Amino acid sequence: MARLGLILGDQLNENNAVLEALDREHDCLLMGELVEEASYVQHHIQKIILVFSAMRHYASERREQGWTVHYHEFSPRASVRSFTDLVRSYGRQHPVDEIVVAWPGEWRVLEQIRGWERELGVPVTVLPDTRFLCSLEEFDSWAEGRKQLRMEFFYRQMRRKTAYLMDGEQPVGGQWNYDKANRKPWRGEPPSASPMRFTPDEVVAEVRDRVAGCLDAFGSATDFDYPVTRAQARRALGHFIRTGLPNFGDFQDALHDDEDYLFHSRLSASLNLGLLGYQEVCQAAEQAWRDGQAPLNAVEGFIRQIIGWREFVRGIYWREMPDYAEGNALNNKQPLPSWYWTGKTQMRCLHKTIDATRRNAYAHHIQRLMVTGNFALLLGVVPKEICDWYLAVYADAYDWVELPNTLGMVMHADDGQLASKPYAASGKYIDRMSNYCRACPYSVKETLGDKACPFNALYWDFLVRHRDRFEANPRMKMMYRNVDRKGDEEINQIQKRARWIRDSIESV
Ligand code: FAD
Ligand code: DLZ
Ligand code: SF4
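S.K.: Quick rundown of the site of ligand 3? Include the residues and the values.
M.R.: Taken together, M347, R348, C349, G427, I430, Y436, C437, C440, Y442, V444, C453 and F455 make up the full set of residues adjacent to ligand 3. Contributing elements (two or more residues each) for the shell around ligand 3: α14 (348-360) and α18 (427-433). For the shell around ligand 3, the residue count by class is 10 nonpolar, 1 polar and 1 charged.

Written out as structure tokens, the structure is:
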């Protein structure tokens, strides 16, 4: 009996269920750097380098542990282009009685895997993905019968389940959520904390040479400094706990013209590749609080992102796919501005966020949500176009996490399945939380006129356009009271300016 264990490129966890199920004496592992996976969206070049380098290290480590690993290296002209080609080509040369794989991170890949029994005539077993706290069955039974799915209630269940920051049945400090304490702008103090940088090793250099010029990729490879092994990712975690976590809470929502990271961890890329587990990350954060090294608002806020938001969006993804990806509840029609790919816009906040994205394959959450995301929402971009952009440009982007965040949290295209209201905001929010506006040729104080901040007219126009849908939402009542303070003439002028922005969007 020879079984084949397929290890997908983002399942590089030591406790991958395939390793537990197979026997290294008799069974084989298969991994492949595939043209189709590297090009189904225009990925950031650093994401491709990261995935391939981490895969190569993982394969070497498994070989050292006594596994036989068949590894297909990237070649743009290879006849093996997809996962299906990979297992078929292996099967032509070796007897395979069963294919074993862990649940993938994308519906698209699951569909392929489901076709193999029929196409290849070999039984396929799909095992649970052990990178997550909440199984898909557990999420479904939590969600069943609820009128609305809200992260906060799911998160409380995960807190009870893990006992992180719990005092028996009660949250430590008496509150579940310290979000209100996490909204300070950052004015240069305390000093920011960049993530640990890793000098590219020989594996990264070899991958970089191999893929350079072969793919129509986004961004620049010059500053690549991601951890590519579990050992490196552990060091990056320790560095964040010491340097970033203590101020993570206070400045979680802050933005700054000179800062790519502020106090964010940049651990998402390692978590999503399986180089780090959610357990060790949350335990390290909780320990820092118990040792008096980080305050509760920081540690609770950080743990909430991981066992709350991260698990919640995954649950929504698998519960709602494939229809979820088609959502366009606001009936958006505007194409994505081409400068999302170049950063060539005069709007300082967008220019800086996209520039950081190109250099680092990273932007922090508030840049993604309140700058590039908010602008796409207000402009009315077609959800599929903005989702493909987010899936391409970030090193941590996989469909299970990118899609609900973009289509649901940012674009409200799922009609509120994920978030109770859209995060629509005018330039005033960006001005309060950053110093971008000081260096911007547009004036954040103005709504009308050539030099007025484009967010402003688009914001009011968004509220007016979607009045029927949002007016009755209790969390948006105040916004509509402010709309009603404006006279008809002012609203007409705002709509005219919003139309002009849409028509001239390529030169804004
Ligand atoms: P930190 O701010 O240090 O947070 C700690 C960890 O919490 C992160 O590493 C991440 O694992 C988790 N986390 C935080 N917020 C979220 C969230 N909303 N959903 C899921 N996990 C979260 N995250 C991705 O991992 N991949 C994506 O493709 C992705 N696309 C996004 C698209 C949009 C439009 C938005 C608004 C958010 C997206 N996020 C995505 C969530 C979040 O922005 C990133 O996880 C975060 O910026 C990663 O940086 P960090 O590791 O420094 O996070
Ligand atoms: C993102 C990505 C890239 C760029 N390349 C590969 C690859 O060559 N081989 C591979 O196994 N996985 C790759 N991935 C991740 C997949 O696109 C996909 O997200 C995962 O298989 C889902 O679990
Ligand atoms: Fe962004 Fe408007 Fe501020 Fe310019 S003025 S940085 S466009 S919010």
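S.K.: Describe in detail the site of ligand 2, supporting the description with residues and values.
M.R.: Residues in contact with ligand 2 amount to 18 residues; listed here are only the nearest, D10, G32, L34, E37 and G105. Bound to the protein, ligand 2 loses 100% of the 490 Å² it would expose on its own. Sorting the residues of the shell around ligand 2 by element identifies α2 (35-39) and α3 (45-64) as the ones contributing at least two each. Within the shell around ligand 2, the residues separate by chemical class into 9 nonpolar, 4 polar and 5 charged.

S.K.: Provide a residue-level description of the sheet that holds strand β4 (residues 98-102), including the pertinent values.
M.R.: With parallel pairing, 5 strands are arranged side by side in an open sheet as β3-β2-β1-β4-β5. The outermost strands of the open sheet, each flanked by one partner alone, are β3 (68-72) and β5 (124-127). The mean inter-strand angle of the sheet, taken between neighbouring strand axes irrespective of direction, is 25°. Note: strand β1 (residues 3-6) against strand β2 (residues 28-32), 3 bridges, orientation parallel. Opposite G5, over in β2, you have L29 as the bridge partner. Lying on the sheet, α3 is in contact with β2 and β3; it crosses β3 at an angle near 160°.

S.K.: Residues and numbers for the packing of helix α13 (residues 296-320) against helix α17 (residues 399-410), please.
M.R.: In contact at an axis separation of 8 Å, α13 and α17 are set at 90° when each is read in the N-to-C sense. For the element pair α13 / α17, the angle class is roughly perpendicular. When α13 is examined against α17, the residues W309, R310, V313, R314, Y317 and W318 are found in contact with a partner set consisting of D399, W400, V401, L403, P404, N405 and M409. Looking at the contact of α13 with α17 residue by residue, the class counts come to 9 nonpolar, 1 polar and 3 charged.

S.K.: If you had to explain the pairing of β2 to someone new, which residues and values would you point to?
M.R.: Taken across its 5 residues, β2 has 5 buried, putting it largely inside the fold. In β2, alternate side chains face the same way, and those of C28, L30 and G32 on one face and L29 and M31 on the other are all buried. As judged from the 5 bridges shared by β2 and β3, these two strands associate in the parallel manner. In the sheet register, L30 faces β3, and the bridge partner there is H70.

S.K.: Mind laying out the nonpolar core, listing which residues take part and the relevant values?
M.R.: Ranked by internal contacts, the top residues of the largest apolar core, which has 164 residues, are L245, F312, Y340 and F375. Not counting chain neighbours up to four residues away, the residues in contact with F312 comprise F139, W142, L149, R150, M151, F154 and L418. Counting 19 residues, the second-largest nonpolar core is a separate cluster that includes L6, L8, V87 and Y90.

S.K.: Please set out the packing of aromatic side chains residue by residue, giving values where relevant.
M.R.: A complete count under the given rule lists 29 aromatic pairs for this structure. An aromatic cluster of three or more residues is present, and its members are W339, Y340, F375, W389, Y390, Y394 and F455. Seen from the ring of Y226, R266 lies directly overhead, with NZ or CZ sitting 4.3 Å from the centre. The ring of Y362 has R368 sitting right over it, with the charged end atom 5.7 Å from the ring centre.

S.K.: Lay out the pattern of salt bridges in plain terms, naming residues and giving numbers.
M.R.: Using the criterion set out here, one finds 39 salt bridges in the structure. With a shortest N-O distance of 3.7 Å, K445 and D431 are connected by a salt bridge. Here K445 is found in the loop between α18 and α19 (454-465), whereas its partner D431 is found in helix α18, with 14 residues between them in sequence. On the basis of relative accessibility, which here comes to 70%, the residue K445 falls in the exposed class. Overall, D431 belongs to the partly exposed group, its relative accessible area being 24%. Linked by salt bridges that have partners in common, E33, R56, E73, E206 and R210 make up one network.

Thresholds applied
Residues numbered from 1 in each chain as written. Chains lettered and ligands numbered in written order. Predicted model: local features only at pLDDT ≥ 70, side-chain atom pairs only at ≥ 80, totals over all residues. Heavy atoms only, no water. Near = heavy atom within 4 Å. Helix = DSSP H or I, 4+ residues; strand = E, 2+ residues; numbered from the N terminus. Nonpolar A, V, L, I, M, F, W, Y, C, P; charged D, E, K, R; others polar. Areas by Shrake-Rupley, 256 points an atom, 1.4 Å probe, with all protein chains shown as cover. Pairing = 2+ DSSP bridges. Axes fitted to C-alpha atoms, helices over the stretch in contact; angles between N-to-C directions. Contact = heavy atoms within 4.5 Å. Parallel < 35°, antiparallel > 145°, perpendicular 65-115°, else oblique. Buried < 20%, exposed > 50% of the residue type's maximum accessible area, 1.4 Å probe, protein only. Core = buried A, V, L, I, M, F, W, Y, C linked by side-chain atoms within 4.5 Å. Phe/Tyr/Trp six-rings, centres within 6.5 Å; stacked < 30°, edge-to-face > 60°. Lys NZ or Arg CZ within 6 Å of the ring centre and 35° of its normal. Salt bridge = Lys/Arg side-chain N within 4 Å of Asp/Glu carboxyl O.

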